[in-house]
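Spelled out from the first residue to the last, the chains are:
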Amino acid sequence: VQSPPHDLTELTHLNEPGVVDGLRRRYADRYIYTYCGPILMCCNPFADVSGLYTSEVRDLYVRFGEGGGAGGGHGRPPPPPHPYAVADDAYRNMMTAVAERTFSPHATNVNTDQCILVSGESGSGKTVTTKIILGYLASLSRRRMKQRSGQVGGSVVSDTTTFGNHDGPDTPSQRRNTSPLKSPPLQIHQTRPRGRSPDVTVSHSKPRRWSRSTVRQGIEQQVMRSNPILESFGNARTIRNDNSSRFGKFVEVTFHAPSGVLVGSRVETYLLEKVRLITQGPGERNYHIFYELLAGLSPTDRERFHLDFRSPEHFRMTARSGTFARRDGIDDVDTHA
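Being a predicted model, the structure only gives us computed values, none of them experimental.

**Observations regarding the overall build of the chain**
Each helix and strand in the chain was counted, giving nine helices and nine strands. Evaluated residue by residue, the chain yields a buried proportion of 49% over its 337 residues. Put simply, the chain shows about 16600 Å² of open surface, and 54% of that area lies on carbon and sulfur atoms.

Quick look at the structure:
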């Protein structure tokens, strides 16, 4: 039996049964990412697939993007469906639009935006996918800095971008006729579960004076390091997901034009599930931050906050459901640190 294509729009019969069957068969073959036209679909493997996100894999998509989508300029087949491809496509589209406006005699504003939407049900992997996209954008920014300083070969185009989190943006059709990639989708907007999901937007800023020093690298690190803080205060264990986002989040990542270097980020949050503070269903927990504090505070801080010899079992807001631990191997002591 022939395996389903990487892009399900190539199926003979494109209907709901055909799409579901294609996803099922690809998932059985350990392909977790599949295109359906401009949309990148992912089936959560509930397993360690860190091999899909190594620097070597990331470089495949960087080289493909820098080659203008033609196999990196060497006739190689395009890489398989992946969030890296979605992020790279948004970034390149932004850069191209900025370059066109920069050299257009009629353009009065070179600013341009891109948006990536990451959506899905609770536990589908929206939060992780959003972090993967942000990490890729940060790596593109670092590469731009090196190119401008002459450390990396390649041309530099002007651009900037903003991202959000829901269903992925358009990706070139070439990226869908790909070789297999087995597992053993900027600002970001993420909504709480119940069918909602995050968004990512890409925009660029007006030229400003900036340094190619560690200050720029510090901004990239701050963007990436903001996620654990947001997760502590807005994520909780639910029946289906141990790190479920219970709030809406829109992350805007801004890039400098024409350098394409990341210059800042802005996060908006909304729709926090406030009722979770006072009641949780069986098998669920309150927000991570309470368990992290009770597990990770130093003896001095425990005494200062009058939490000596206290644990989640001693507080109604953390003991109501009778569930205290996480099932995903994450220790509250480690996340507090």
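Read on, since the account is not over.
**A short note on the pattern of salt bridges**
Scanning the model with the defined rule gives 17 salt bridges in all. A salt bridge links Glu273 to Arg246, with the shortest nitrogen-to-oxygen separation between them at 2.9 Å. Of the two residues, Glu273 sits in the loop between β9 (262-270) and α6 (288-296) while Arg246 sits in the loop between β7 (244-245) and β8 (248-256), which places them 27 residues apart along the sequence. You'll find Glu273 and Arg246 in the same group, each marked buried.

**Focus: the packing of aromatic side chains**
In total, this model carries four aromatic pairs according to the counting rule given. Taking the centre distance of 5.4 Å and the plane angle of 75 degrees together, the rings of Tyr91 and Phe255 count as edge-to-face. With respect to class, Tyr91 is no different from Phe255; both count as buried. An aromatic cluster is present here, built from Tyr53, Tyr61, Tyr84 and Tyr136 joined pairwise through their rings.

**A word on the packing of helix α3 (residues 83-102) against helix α4 (residues 126-148)**
Two elements in contact, α3 and α4, have axes separated by 9 Å at closest approach and are oriented at 45 degrees. It follows from the interaxial angle that α3 and α4 lie oblique. For the pair α3 and α4, the crossing hand works out as right-handed. Contact residues: α3 offers Pro83, Tyr84, Ala87, Asp88, Tyr91, Arg92 and Met95, while α4 offers Thr129, Ile132, Ile133, Tyr136, Leu137, Leu140 and Arg144. Looking at the contact of α3 with α4 residue by residue, the class counts come to 10 nonpolar, one polar and three charged.

**What to know about the state of the cysteines**
Under the criterion given, the structure shown has zero disulfides. In this model Cys42 remains outside any disulfide bridge; the closest cysteine sulfur is found in Cys43, 6.6 Å from its own. Classification of Cys42 as partly exposed rests on a relative accessible area of 32%.

**A closer look at the environment of Arg266**
When you line up the elements, Arg266 lands in strand β9. Sequence separation of Arg266 and Thr254 is 12 residues, and the distance between their C-alpha atoms is 8.3 Å.

**Things to note about the nonpolar core**
By size, the foremost hydrophobic cluster in this structure holds 31 residues, and its most contacted members are Tyr91, Tyr136, Leu137 and Phe255. Elements with a minimum of two residues in this core: β1 (33-36), α2 (55-66), α3, α4, α5 (214-234) and β8. Looking at which element gives the most residues to this core, the answer is α3, with eight residues.

**Observations concerning the layout of surface pockets**
A probe as big as a water molecule, rolled over the atoms, marks out the empty space that is left. For the largest pocket, the calculated volume is near 1100 Å³. Considering the residues around the largest pocket, the lining is formed by 45 residues, among which Val128, Lys131, Asn241, Asn243 and Asp328 are closest to the centre. When contributions to the lining of the largest pocket are tallied by element, the ones reaching two or more residues are α4, α5, β7, α6 and α9 (332-336). No other element matches α4, which puts six residues into the lining of the largest pocket. In the lining of the largest pocket, the residues fall into 18 nonpolar, 17 polar and 10 charged.

**Brief notes about the pairing of strand β2 (residues 39-42)**
Here β1 runs beside β2; their pairing, made up of four bridges, is antiparallel. By the bridge assignment, Tyr33 is partnered in β2 with Cys42. Where β1 folds back on β2, the antiparallel hairpin that results is connected by two residues, among which Gly37 adopts a positive phi of roughly 70 degrees.

**Observations regarding the environment of Arg237**
Mapped onto the elements, Arg237 comes out in the loop between β6 (235-236) and β7. On the accessibility criterion, Arg237 (11% relative accessible area) is buried. Between the C-alpha atom of Arg237 and that of His288, which follows or precedes it by 51 residues, the distance is 7.8 Å. Ignoring anything within four residues of it in the chain, the contact list for Arg237 reads Asp242, Arg276, Gly283, Glu284, Arg285, His288, Thr323, Ala325, Arg326 and Arg327. Polar contacts involving the side chain of Arg237 include one to the main-chain carbonyl oxygen of Gly283, which spans 3.0 Å.

**Focus: unusual backbone geometry**
The amide bond that connects Ala257 to the next residue, Pro258, takes the cis arrangement and shows omega of 15 degrees. As for its position among the elements, Pro258 is in the loop between β8 and β9. Backbone geometry places Leu271, a non-glycine residue, at a positive phi of 60 degrees. Mapped onto the elements, Leu271 comes out in the loop between β9 and α6. The phi angle at His306 is positive, at roughly 60 degrees, despite the residue not being glycine.

**Re the confidence of the model for the chain**
Across the chain, pLDDT averages 80, with 77% of residues at or above 70. Under a pLDDT of 50 for its full length, residues 153-213 has, in the predicted model, 340 contacts with residues more than four places off or in other chains.

Rules behind the numbers
- Residues numbered from 1 in each chain as written.
- Predicted model: local features only at pLDDT ≥ 70, side-chain atom pairs only at ≥ 80, totals over all residues.
- Heavy atoms only, no water.
- Helix = DSSP H or I, 4+ residues; strand = E, 2+ residues; numbered from the N terminus.
- Buried < 20%, exposed > 50% of the residue type's maximum accessible area, 1.4 Å probe, protein only.
- Areas by Shrake-Rupley, 256 points an atom, 1.4 Å probe, with all protein chains shown as cover.
- Salt bridge = Lys/Arg side-chain N within 4 Å of Asp/Glu carboxyl O.
- Phe/Tyr/Trp six-rings, centres within 6.5 Å; stacked < 30°, edge-to-face > 60°.
- Axes fitted to C-alpha atoms, helices over the stretch in contact; angles between N-to-C directions.
- Parallel < 35°, antiparallel > 145°, perpendicular 65-115°, else oblique.
- Left-handed = near helix turned anticlockwise from the far one by under 90°.
- Contact = heavy atoms within 4.5 Å.
- Nonpolar A, V, L, I, M, F, W, Y, C, P; charged D, E, K, R; others polar.
- Disulfide = S-S within 2.5 Å.
- Core = buried A, V, L, I, M, F, W, Y, C linked by side-chain atoms within 4.5 Å.
- 1 Å grid on protein atoms, 1.4 Å probe; cavity = no way out; pocket = protein on both sides within 12 Å on 5 of 7 lines; lining within 4 Å.
- Points joined across faces, edges and corners; volume = space filled by probe spheres on them.
- Pairing = 2+ DSSP bridges.
- Polar contact = N/O pair within 3.5 Å; in protein donor to acceptor, adjacent residues only side chain to side chain.
- pLDDT = per-residue confidence, 0-100.

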